[in-house]
Amino acid sequence: MSIGQSLRDQRRELATFESRLAVAGLVILAAFALLVARFVWLQVIQKSHYHTLAEANRISIVPAVPNRGVILDRHGEVLASNESAYTLEVTPAEAGNVERSLEELSQIIDITPRDRRRLKRLQEETRNLGSLPVRTRLSEVEVARFAANRYRFPGFDVKARLFRSYPQGEVASHAVGYIGRINEADLKRIEAEGQAADYKGTLHIGKLGIEGAYEQDLHGTTGSERVETDAGGRAIRSLSREAPQPGNDLIVTLDLGLQRAAEEAFGEYRGALVAIEPKTGDVLALVSKPGFDPNLFVDGIDPQSWDQLNNSPDKPLNNRALRGQYPPGSTIKPFVALAALSAGKRTPEFTIADPGVWSLPGVERPFRDWKQGGHGMVNLQRSIVVSCDTYYYGLANELGVDAIHRFMTPFGFGAQTGIDIDGELPGLQPSSEWKWRRFKQRWYAGDTISVGIGQGYWLATPLQLAAATAVLANDGRVVKPRLVRAVRDSRTREIRELPVRNGPTLAFRPEHLALVKAAMVDVMRPGGTAARAAEGAAYQMAGKTGTAQVIGMKAGEKYDEKRVKERHRDHALFIAFAPAENPKIALAVLAENGGGGSGTAAPIARRVLDYYLAGRRNAGAFVEIAEPGGD
Amino acid sequence: MINRAFHLVARRIDAPLMVTIALAACLGLLVIYSASGGHSFDRVLGQVRNLGIALAALWVVANIPPQAIMRLAIPVYVGGLLLLIGVALFGEIRNGARRWLNLGFTTIQPSEIMKIAAPLMLAWYFHIHREALRFRHFAVAAVLLAIPVGLIVRQPDLGTAILVFASGFFVIFLAGLSWKVIGALAVGGAASLPLVWGLLHDYQRRRVLTLLDPQQDPLGAGYHIIQSTIAIGSGGILGKGWLEGTQSQLDFIPERSTDFILAVFAEEFGLVGVLLLVTLYLTIVSRGLYIAAKASTPFGRLTAGALTLTFFTYAFVNMGMVSGILPVVGVPLPLMSYGGTALLSIMMGFGILMSIWTHRHLVSS
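Source: prediction; values computed, not measured.

A.B. asks: Sorry, what's going on with the overall build of chain A here?
C.D. replies: Looking only at helices and strands, chain A features 23 helices and 21 strands. Across the 631 residues that make up chain A, the buried fraction comes to 44%. A separation threshold of at least 6 residues defines the contact pool for chain A, and within that pool the share at least 24 residues apart is 75%.

Structure below.
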């Protein structure tokens, strides 16, 4: 190989290399140009898009849940409030084997089988991935023990939360109602009402009673907090906060002392009582016995308690005051009497000689008075005082069912009274038109006869009876019962009184009203059916007893209270207002299977009136006043 | 006296290269501090130590004359190959890959050695056959390269394999592999893509698919790309400011002091910062190519050129993957990312470049 050849090779090699290097340089420039283009695209052209994404990454809007308004009775005693407590919660999605963790947890925190059943139920009900309460109201010691062992239980956490607390327990439970965890039906309703945003972060909602009906006032307005979070979702710091507006407080019409006295007065009886202030419609007491503990419902009721409440033959969850529809029995006699006077079918002087039976022409079976042999000479006043059935058989026949229907409807019978909580049933004020609509049958004259003594098709709720009684006490002014009298603004603490919603005054002749009211006063006097219940009262009561049949009796069969099984005994009813000359309270009492109205229901009313009017806070243990006959 | 000492230390150091490298490294320290939360010097000090070791290695290598380096090519290559075989047989498995070899006193990653050993070996090979390069020489070179690349792919370590392959390929390319062959290889490569696809591991396929559509798996494989593009894009032209990047400071960017450090840098320093970095890289690459062009032997030219192009590849692959135009392969951003191993091989590469530059007049062709 010559030197020339070698040099040529070398030059060629160098030339190749330099050209290759040049190509490489161009590729490098192109590559960096591509990169720069990419960064310009991302950082200049698409900047705002990525800026938005970064902000969305960084900032999460956390709802600030408002504190629920408290519920106070008319004197400021607490019916529902919020209580701060620690709860142990679990997020099932993060927890792995919940059962095993619970097993281990129960060694450091007391977890009852009831807690576990409740959690299981919640897990089945809520398919979302939120956190669920395992145990509420942890003690300080338990909180500390959990904190030390937290690492062992992923997905479990202790949180300080506000709890709805019902310090009165069963007392007034049917009026106050309860809140419960928001379920899917609630969620749908909230969305339909366009309030989904306001319920972000809220776990509970009013389900029943005042809690349910005044949900909007109690809930408040949800605020929001812009929080900077890291990739793990942990909040780093708060950027800005729009404070939630707490729910407004409610001042209800109930007088808790009276409510307690009324509930105690029932003793072991099931039943209902509604006491109303006639001038305002304020419900002073609303009893449905037995009651239930609303605290059980707040964080989901455990299945065992639920079964107990739901399957009990006593039906503690049924609000008898609003939803119990009973034949009003003789308690409606003052109203029918007033109807007869107003319609001119009876004068005060008109008197019958009561033989104890009454026959409708063309009907073979006679209608019997509750008192065998009858009451002798009976005028309108005495028909109320001794509760003469025979008097009303003939009267009802002459009035006709449709006249009775027309007269009773303005008192509130046959329709919801419009009380400010949900669930009220309308009762039934029969009419010929109703019967045709319902049964496609014409009204028979015989149907009217039992309606005349509050039996047959006539059904009324204790609330309706109380409201109607209040109308009498009010001299005809229609009463709209209400449970909430004022709302206290959460920010200004200003108390806004809700308007009294009482209706128009029904036009009765004053002397007719006076006659009926006087007769009701005489009911409480010697010779009246409820005289024993008024003995020694420091005020003048006006009342009327009633009995509602539970089982039908064959004609001529004598009703024997002792022979009939307890559940088949008659319901005892009583309506009253007092003081008679200037009524401050009107009420209706129903004691299921209480037998006669005078023996069971009237004494309950007496104790309630004593508490309210005579200030006898402890009127002694309940003693059943046994009285032969009844009404 | 001081002058002489300085001369002794600095006579084999190329000032333009050194200054640019130092600037990039300082920028790296700044971002590492931010990426580690902005209140701890642990990582920064660790990286300073890494830099110290790597610079010492650079200095030592720069002081070795190119002829000596050339003589070392075979032993280093063979040694590296043996270590790779050792890895395949006895290597430690970490994160599902067998990449590390436990030597008793330390664990090493032999594939890193190949990043320098492969181009040295090929450059030596072409150097001794410089008189008459034939096609078979290129074929032999291809085999010499394929063996270590194949071993590394099997570990599996796609990022390193790509870089080793690139470093070797650059030597072959610069040595003058005919365009026809390159064209044929390109066509053949494209044609065999489906075959390669079949050979890829599941996670590698997922990375490619994720590149095409990151939203497909936003919490899994796509998370890296989505979060880093958000970081870069939201940085805008001027950036959010040092320590002020929300994506970086709130943990949204994974691996943010190592492979994804560019996302932190681009978020906090914006397009301006990115352009500065690209300028630094371009300066380094230009200087490297200049040194290659001025080298006095084929070995020097090929080595310098290939090492420079490898450095460029490092930078391009990392920037491409972080900005979402290349699949995610584990390649750090040269001179910036936290970590000692890659830094060491890069600095040794620069040492070789400086040796070639500063010894060019002493070597007669």
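Past the structure itself, the notes keep going.
A.B. asks: Is there a simple way to think about the overall build of chain B in this case?
C.D. replies: Check the secondary structure of chain B and you find 15 helices and 3 strands. Looking at chain B as a whole, 51% of its 365 residues are labelled buried. Pairs at least 24 apart in sequence give 70% of the contacts found in chain B among residues at least 6 apart.

A.B. asks: What's the story with unusual backbone geometry in this structure? I'm lost.
C.D. replies: Trans peptide bonds make up the majority, and among non-glycine residues the majority have a negative phi. In the segment running from A:Ala578 into A:Pro579, the intervening peptide bond is cis, with an omega of -15 degrees. In this fold, A:Pro579 is placed in the loop between β20 (571–578) and β21 (585–591). Here the bond from B:Gln155 into B:Pro156 is cis, since omega is 0 degrees, no more than 30 degrees from zero. As for its placement among the helices and strands, B:Pro156 is situated in the loop between α6 (135–154) and α7 (158–174).

A.B. asks: Just checking my understanding: could you explain the sheet that holds strand β3 (residues 107–108) of chain B for this structure?
C.D. replies: Picture the strands of a sheet paired through backbone hydrogen bonds; they go either parallel or antiparallel. Residue and element names in this part refer to chain B. The antiparallel open sheet is built from 3 strands, whose spatial order is β1-β2-β3. At either end of the open sheet lies a strand with only one pairing partner, and these are β1 (92–94) and β3. Across 3 bridges, the pairing between β1 and strand β2 (residues 97–102) is antiparallel. Note on β2: the bridge partner recorded for Arg94 is Ala97.

A.B. asks: Help me understand the pairing of β20(A) in this model?
C.D. replies: Taken residue by residue, a regular strand's side chains alternate between the two faces of the sheet. All names here are of chain A. Across the 8 residues of β20, 8 count as buried, placing the element largely inside the fold. Strand direction decides the pairing type here: strand β19 (residues 542–548) and β20, joined by 7 bridges, are antiparallel. The residue bridging Ala548 from the neighbouring strand is His571, located in β20. Between β20 and β21, which pair antiparallel in sequence order, lie 6 residues.

A.B. asks: What should I look at first to understand the environment of A:Ala602 in this one?
C.D. replies: Residue and element names in this part refer to chain A. Tracing the sequence through the fold places Ala602 in helix α23 (residues 597–614). Overall, Ala602 belongs to the buried group, with 33 C-beta atoms counted inside 10 Å. Taking C-alpha positions, Ala602 is 7.9 Å from Ile575, a pair spaced 27 residues apart along the chain. Sequence-distant contacts of Ala602, that is, excluding residues within four places in its chain, are made with Ala530, Ala533, Gly543, Thr545, Phe574 and Gly597.

A.B. asks: What exactly am I supposed to notice about the interface of chain A and chain B here?
C.D. replies: Buried accessible area, meaning the area lost when the parts come together, often serves as the stated size of an interface. Taken together, the contact between chain A and chain B spans 35 residues of the former and 39 residues of the latter. Sorting the residues of the side of chain A that touches chain B by element identifies α1 (3–45) and α2 (47–58) of chain A as the ones contributing at least two each. The greatest single-element share of the side of chain A that touches chain B, amounting to 21 residues, is contributed by α1(A).

A.B. asks: Where do I start with the packing of helix α5 (residues 110–128) of chain B against α6(B) in this structure?
C.D. replies: Helix-helix packing is characterised by the crossing angle of the two axes and by the distance between the axes. Residue and element names in this part refer to chain B. Running from N to C, α5 and α6 point in directions that differ by 175 degrees, and their axes come no closer than 10 Å. One way to sum up the angle between α5 and α6 is to call them roughly antiparallel. On α6, the residues touching Ser111, Met114, Ala118, Met121, Leu122, Tyr125 and Phe126 of α5 are His137, Ala141, Leu144, Leu145, Pro148 and Ile152. Taken together, the residues of the contact of α5 with α6 break down into 11 nonpolar, 2 polar and no charged.

A.B. asks: Sorry, what's going on with helix α4 (residues 66–90) of chain B here?
C.D. replies: Residues lying three or four places apart along an α-helix face the same way, a consequence of the helix completing one turn every 3.6 residues. Residues and elements named next belong to chain B. If you check α4, its first and last C-alpha atoms are 34 Å apart, about what 25 residues at 1.5 Å a residue would give, namely 36 Å. Leu72 marks where α4 bends most, by close to 35 degrees; the proline Pro75 follows one to four residues later. Listed as buried for α4 are Pro66, Ile69, Ala73, Tyr77, Gly80, Leu81, Leu83, Leu84 and Val87. The secondary structure elements touched by the buried residues of α4 are β2, α5, α6, α14 (298–322) and α15 (341–358).

A.B. asks: Sorry, what's going on with the sheet that holds strand β1 (residues 59–64) of chain A here?
C.D. replies: Residue and element names in this part refer to chain A. One open sheet accounts for 3 strands, arranged β1-β8-β9; its pairing is antiparallel. Edge positions in the open sheet fall to β1 and β9 (235–242), since each of these has one partner strand only. For this sheet, the mean inter-axis angle between neighbouring strands, taken without regard to orientation, is 30 degrees. Relative to strand β8 (residues 223–229), β1 runs antiparallel, the two being bridged by 6 bridges. The residue of β8 that forms the bridge with Ile59 is Glu228.

A.B. asks: When you look at the nonpolar core in this model, what are you seeing that I'm missing?
C.D. replies: The biggest cluster of nonpolar side chains holds 124 residues, and the ones touching the most others in it are A:Val274, A:Ala275, A:Leu587 and A:Val608. Of the residues that make up this core, three or more belong to each of domain 1 (62–141 + 155–252) and domain 2 (256–614) of chain A. If we skip the residues at most four places from it in the chain, A:Val608 touches A:Leu258, A:Ala261, A:Ala262, A:Ala265, A:Leu273, A:Ala275, A:Ala285 and A:Leu587. By size, the runner-up hydrophobic cluster in this structure holds 123 residues, among which are A:Leu42, B:Leu120, B:Leu344 and B:Met354.

A.B. asks: Help me understand the confidence of the model for chain B in this model?
C.D. replies: Should pLDDT be low for a region, the predicted coordinates there are not to be read in detail. Across chain B, pLDDT averages 89, with 96% of residues at or above 70. This prediction of the complex comes with two scores: 0.69 for pTM and 0.93 for ipTM.

A.B. asks: Even after reading the chapter, I still don't get the environment of A:Pro579, so can you show me in this structure?
C.D. replies: All names here are of chain A. Exposure remark for Pro579: the 18 C-beta atoms within 10 Å place this residue in the partly exposed category. Along the primary structure Pro579 and Ala538 are separated by 41 residues, whereas in three dimensions their C-alpha atoms are 9.4 Å apart. With residues near it in sequence (within four places) discarded, Pro579 still touches Tyr539, Gln540, Lys584 and Leu613.

A.B. asks: Help me understand the packing of helix α11 (residues 256–265) of chain A against α23(A) in this model?
C.D. replies: Residues and elements named next belong to chain A. Between α11 and α23, the least distance of the axes is 9 Å, while the angle of their chain directions is 160 degrees. In this view, α11 runs roughly antiparallel relative to α23, as classed from their interaxial angle. Two packed elements cross with a definite hand, and for α11 against α23 that hand is right-handed. When α11 is examined against α23, the residues Gly257, Leu258, Ala261, Ala262 and Ala265 are found in contact with a partner set consisting of Ile604, Arg607, Val608, Tyr611 and Tyr612.

A.B. asks: Any chance you could explain α11(A) here in plain terms?
C.D. replies: All names here are of chain A. Taking burial as the measure, the 10 residues of α11 include 7 buried ones, the bulk of the element. Those residues of α11 lying buried are Leu256, Leu258, Gln259, Ala261, Ala262, Glu263 and Ala265. On its buried face, α11 sits against β11 (271–277), β12 (282–289) and α23. At the C-terminal side of α11, Gly267 shows a positive phi close to 55 degrees.

A.B. asks: I keep staring at the confidence of the model for chain A and nothing clicks. Help me out?
C.D. replies: Mean pLDDT for chain A: 88, with 94% of residues reaching 70 or above. Across residues 617–631 of chain A the pLDDT falls below 50, and counting only partners more than four positions away or on other chains, this stretch makes 34 contacts in the model.

Rules behind the numbers
- Residues numbered from 1 in each chain as written.
- Chains lettered and ligands numbered in written order.
- Predicted model: local features only at pLDDT ≥ 70, side-chain atom pairs only at ≥ 80, totals over all residues.
- Helix = DSSP H or I, 4+ residues; strand = E, 2+ residues; numbered from the N terminus.
- Buried ≥ 20, exposed ≤ 12 C-beta atoms within 10 Å, placed from the backbone.
- Contact = placed C-beta atoms within 7 Å.
- Pairing = 2+ DSSP bridges.
- Axes fitted to C-alpha atoms, helices over the stretch in contact; angles between N-to-C directions.
- Parallel < 35°, antiparallel > 145°, perpendicular 65-115°, else oblique.
- Nonpolar A, V, L, I, M, F, W, Y, C, P; charged D, E, K, R; others polar.
- Expected span 1.5 Å × (residues − 1).
- Bend = angle between axes of the 7 residues up to and from the residue.
- Core = buried A, V, L, I, M, F, W, Y, C linked by C-beta atoms within 7 Å.
- Domains from an automatic or database assignment.
- pLDDT = per-residue confidence, 0-100.
- Left-handed = near helix turned anticlockwise from the far one by under 90°.

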